[in-house]
Number of protein chains: 2
Amino acid sequence: MAQAYAVILAGGSGTRFWPESRRARPKQLQALAPRSQSSLLAQTVERLESVCPPERMLVATSRDLLPAMRAELPALPAEAFLGEPIARNTAPAIAWATSEIAERDPDAIVIVLPSDHAVEDPTEFRAVVHTAIESARDGVITTIGIRPTRPDTGFGYIEVGGEIARGVHEAIRFVEKPSVERAREYVAGGRHLWNAGMFFFRARQLLDEVSQRLPKLAAGLMNLRRTPSTERARAVEELFAHTESISIDFGIMEKLSKMHVVPGSFGWSDLGSWQTAWELADKDGRGNALGPGEGAALVLDGSGNLVRNSAHQPKLIALLGVSDLCVVHTDDVILVLPRERAQDVRSVVAELERRNARDLL
Amino acid sequence: MAQAYAVILAGGSGTRFWPESRRARPKQLQALAPRSQSSLLAQTVERLESVCPPERMLVATSRDLLPAMRAELPALPAEAFLGEPIARNTAPAIAWATSEIAERDPDAIVIVLPSDHAVEDPTEFRAVVHTAIESARDGVITTIGIRPTRPDTGFGYIEVGGEIARGVHEAIRFVEKPSVERAREYVAGGRHLWNAGMFFFRARQLLDEVSQRLPKLAAGLMNLRRTPSTERARAVEELFAHTESISIDFGIMEKLSKMHVVPGSFGWSDLGSWQTAWELADKDGRGNALGPGEGAALVLDGSGNLVRNSAHQPKLIALLGVSDLCVVHTDDVILVLPRERAQDVRSVVAELERRNARDLL
């Protein structure tokens, strides 16, 4: 029986968790999940280990991040890490990794997972993953759809059809990020799931789709496969230089004539902002999320605050008479903003880019 | 002609500028005045130097603070520093220092000044001081009264009578901290000045008043004067152990049958809280006081904030979408509070005392 391989997408350079996430230490390398001191990436690998051992995992990331990634995941062999020379969104990264897997076994089942999400119930997660693997083994590209818990307008949705096998449904279509009204309808109707960017397919099958829909990318991969291993670095550069930047959703998944979806509820979060981090965190009786480390934070006459202290150099963070703020302390930055402005952290990052403050990015 | 001596009161342990002011480094040792990197104490000495040279200055402080005080004022001789074994308010401190001066010259003019205030116009300050010295030389205990610039309810006021000599008025009476309505009347009426705790008198004259009004303190001083210099440390301890804790205002000044006051306007501030620090500070076009150090603070979409960065370990302090906050960063603390709550910083200090967090006090 064909074995399962995992492709972990770890190329993101998300700025919404600045100042903890940085160009050199992006979100997936940060311990942002509640009740854990591990990075999101390490948790992603750990969560998957009983499904797919480290020697069958690939990590697709940017070339600059390779040393940090290898250091974070010492159990993975050196060749498990694919370094993209330039960011070209998810389709080229997934296609390249899949072609590496296909070289070993064209019938392999490939599991594609983001590296920067949180899962509260890993046991339930693995049960859903096993169902999705079986669906992919049956020859249909499969995704996991998260049962929505609120009318979130920040996600794409997947409309679900009838149950085809135990836990496996027909995916009717992908829906773009909706309005609030539409999102409320989706949650009430029970027929829409969040698209969490998790995909399951046979290696050869995905490469066939790439050949049909993204011919430039397919040509680059073909060239890469013909290149002797000693010259592959240059071939990878050419591949990324000449392919278009496109997501796997838009380039392939939304265009498939047939797709399956496995609905899942395992406490998933995309950890989209400091607001999400506050929602997931343990809180005191007044809704203050003060993080680990007793006595490291003190709130008098305030509620609903998120405090993140530096792990290396914690200081007493004392809040008096303020509510619903995020206060984030790292080795070189102190950030203060209202929780409701969490999405705008990127504007601080943009301003620092304008000032050319490289050390702080 | 009798010379002028200065008694600088530096025993305060103010908590309203926590976390910059600490037990071991109280407010007078901090650089809290705008546009200056010197401590308030060093500025007090500097402001007075042309009136009274360092060898005629005494610094009354707590015994614990003696090493820090000596380090801060290396130009003063070692014997200039009087270390109070326990805090007993201003009357014992001033009486002790005056008795030391009287031993050198009973006719000396004594200038008593707090060490933790700010003065924007030192030239005008010195002109007022010279007038007050001349008034004291004429045999009447004299104070400086600050012309009020707002109806502040945090100060005591002095009611002013007719002009006796150029710039010198009769002081009619001391008035306790007033209600807002009363304070508005005072400001509008032009007959009330702020009591800034500055006093001028002949040494012997003050000691006569102490003998009349504070006999226990006078007896302790008498005993001290009779004690051989090698045993004086013990005599000082006895003096402070047996005297009552009382301010010079309440113990002596408010009870005088005759007193003079010199009105002054020299940009005086008692620097009472972070709110006052913000009021005095240089601000950007949106009322943000970001302190010295370009690029050390960044405010997006916010106004009226006070940012105080650590001098030793500055970090980028980034504020997004918050207004009228104080953010104070020291080597071991980050404090965030609304400016309007500045008076309540002491409640944070009280909570840390309750937690026995000595390192942070």
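Remember, predicted model here, so these are calculated numbers, not experimental data. (Residues numbered from 1 in each chain as written. Chains lettered and ligands numbered in written order. Predicted model: local features only at pLDDT ≥ 70, side-chain atom pairs only at ≥ 80, totals over all residues. Heavy atoms only, no water.)

Student: Honestly, the overall build of chain A in this entry has me stumped. Any pointers?
Tutor: In terms of regular secondary structure, chain A is built from 11 helices and 16 strands. Here chain A has a C-alpha radius of gyration of 21 Å; the compact-globule value for 361 residues is 21 Å, and the two agree. By principal-axis analysis of the C-alpha atoms, chain A measures approximately 65 × 50 × 35 Å. Among the 361 residues that make up chain A, the fraction classed as buried is 57%. Contacts spanning at least 24 positions in sequence make up 65% of the contacts within chain A whose residues lie at least 6 apart. As displayed, chain A has an accessible area near 15,500 Å², and 48% of this comes from carbon and sulfur atoms. (Helix = DSSP H or I, 4+ residues; strand = E, 2+ residues; numbered from the N terminus. Rg over C-alpha atoms; globule rule 2.2 N^0.38 Å. Buried < 20%, exposed > 50% of the residue type's maximum accessible area, 1.4 Å probe, protein only. Contact = heavy atoms within 4.5 Å. Areas by Shrake-Rupley, 256 points an atom, 1.4 Å probe, with all protein chains shown as cover.)

Student: Help me understand the relation of the copies chain A and chain B, please; the structure alone is not making it clear to me.
Tutor: The second copy of the chain is related to the first by a rotation about an axis and a shift along the axis. Least-squares fitting of chain A to chain B yields an RMSD of 0.0 Å, with the transformation described by 0.0 Å of translation along the axis and a rotation of 180 degrees. Those values place the two copies in the arrangement expected of a two-fold rotation axis. The fraction of interface residues of chain A whose copies in chain B are also interface residues reaches 100%, indicating that both copies meet through the same surface. (Least-squares fit on C-alpha atoms with pLDDT ≥ 70 in both.)

Student: For this particular structure, what's the right way to read the interface of chain A and chain B?
Tutor: In many reports, interface size means the accessible area that the parts give up when they come together. The interface of chain A with chain B comprises 36 residues on the first partner and 36 residues on the second. Roughly 2,800 Å² is buried in total at the junction of chain A and chain B, and carbon and sulfur atoms are behind 67% of that figure. For chain A, the biggest contributors to the area lost against chain B are Lys315, Leu320 and Ile334 of chain A; these three give 27% of the whole. Taken together, the connections running from chain A to chain B amount to 2 salt bridges. (Buried area = accessible area lost by both parts, 1.4 Å probe. Salt bridge = Lys/Arg side-chain N within 4 Å of Asp/Glu carboxyl O.)

Student: How should I be thinking about unusual backbone geometry in this particular structure?
Tutor: Comment: phi is negative for the bulk of residues other than glycine, and the bulk of peptide bonds are trans. That bond from tryptophan 18 of chain A to proline 19 of chain A is cis: its omega, 5 degrees, falls within 30 degrees of zero. Unusually for a residue other than glycine, aspartate 324 of chain A sits at a positive phi of about 60 degrees. Summarising the element assignment, aspartate 324 of chain A is placed in the loop between strand 14 (316–320) and strand 15 (325–329). By relative accessible area, which is 37% here, aspartate 324 of chain A ends up partly exposed. The phi angle at aspartate 301 of chain B is positive, at roughly 60 degrees, despite the residue not being glycine.

Student: Before we go on, may I ask you to explain the packing of aromatic side chains in this structure?
Tutor: Geometrically, a pair of aromatic rings is defined through the distance of the ring centres and the angle of the planes. Residue and element names in this part refer to chain A. For the coordinates displayed, the defined rule picks out 14 aromatic pairs over all chains. With a centroid separation of 4.8 Å and 75 degrees between ring planes, the pair formed by phenylalanine 17 and tryptophan 274 is classed as edge-to-face. You can see phenylalanine 17 sitting in the loop between strand 1 (4–9) and helix 1 (40–48) and its partner tryptophan 274 sitting in helix 10 (residues 274–280), a full 257 residues away along the chain. Of the two residues, phenylalanine 17 and tryptophan 274, neither departs from the other in class, the shared state being buried. (Phe/Tyr/Trp six-rings, centres within 6.5 Å; stacked < 30°, edge-to-face > 60°.)

Student: Explanation requested: the pairing of strand 6 (residues 142–146) of chain A in the structure shown.
Tutor: Regular strands show a simple pattern: their side chains alternate between the two faces of the sheet. Residues and elements named next belong to chain A. Counted residue by residue, strand 6 has 5 buried out of 5 residues, so it is predominantly covered. Along strand 6, one buried face is formed by Thr142, Ile144 and Ile146 and the opposite face, lined by Thr143 and Gly145, is buried too. Bridge count between strand 6 and strand 9 (residues 192–202): 4 bridges; the pairing is antiparallel. Residue pairing across strands places glycine 145 opposite asparagine 195, the latter belonging to strand 9. Direction of pairing for strand 6 relative to strand 10 (residues 260–264): parallel, over a ladder of 5 bridges. Note on strand 10: the bridge partner recorded for isoleucine 144 is valine 262. (Pairing = 2+ DSSP bridges.)

Student: Would you explain the state of the cysteines in this entry?
Tutor: Taken as a whole, this structure holds 0 disulfides over all chains when the rule is applied. Unpaired in this structure, cysteine 326 of chain B has its nearest cysteine sulfur neighbour in cysteine 326 of chain A, at a distance of 19 Å. Look at cysteine 326 of chain B and you get buried, because its relative accessible area is 0%. (Disulfide = S-S within 2.5 Å.)

Student: In this structure, what is going on with the pairing of strand 14 (residues 316–320) of chain B? I would like to understand it.
Tutor: Taking burial as the measure, the 5 residues of strand 14 of chain B include 5 buried ones, the bulk of the element. Here strand 14 of chain B shows two buried faces, one formed by Leu316, Ala318 and Leu320 of chain B and the other by Ile317 and Leu319 of chain B. In terms of strand pairing, strand 16 (residues 333–338) of chain A meets strand 14 of chain B through 4 bridges, oriented parallel. For valine 336 of chain A, the partnering residue across the bridge sits in strand 14 of chain B and is leucine 319 of chain B.

Student: In this structure, what is going on with helix 11 (residues 345–354) of chain B? I would like to understand it.
Tutor: Counting along an α-helix, one turn takes 3.6 residues, and residues three or four places apart therefore face a common direction. Looking at helix 11 of chain B, one finds that the buried residues are Val345, Val348, Val349, Glu351 and Leu352 of chain B. For helix 11 of chain B, the buried positions fall inside an angular range of 160 degrees around the axis, keeping them on one side. In this fold, the buried residues of helix 11 of chain B make contact with strand 12 (297–300) and strand 14 of chain A together with helix 10 (274–280) and strand 16 (333–338) of chain B. Of the residues flanking the end of helix 11 of chain B, it is asparagine 356 of chain B, one or two places downstream, whose phi is positive at about 60 degrees. (Arc of directions from axis to C-beta.)

Student: Before we go on, may I ask you to explain the confidence of the model for chain A in this structure?
Tutor: In regions of low pLDDT, the predicted coordinates are not meant to be interpreted in detail. Scored by pLDDT, chain A comes out at a mean of 95, with 99% of its residues at no less than 70. Across the interfaces of the predicted complex, the ipTM metric reaches 0.88, alongside a pTM of 0.88. (pLDDT = per-residue confidence, 0-100.)

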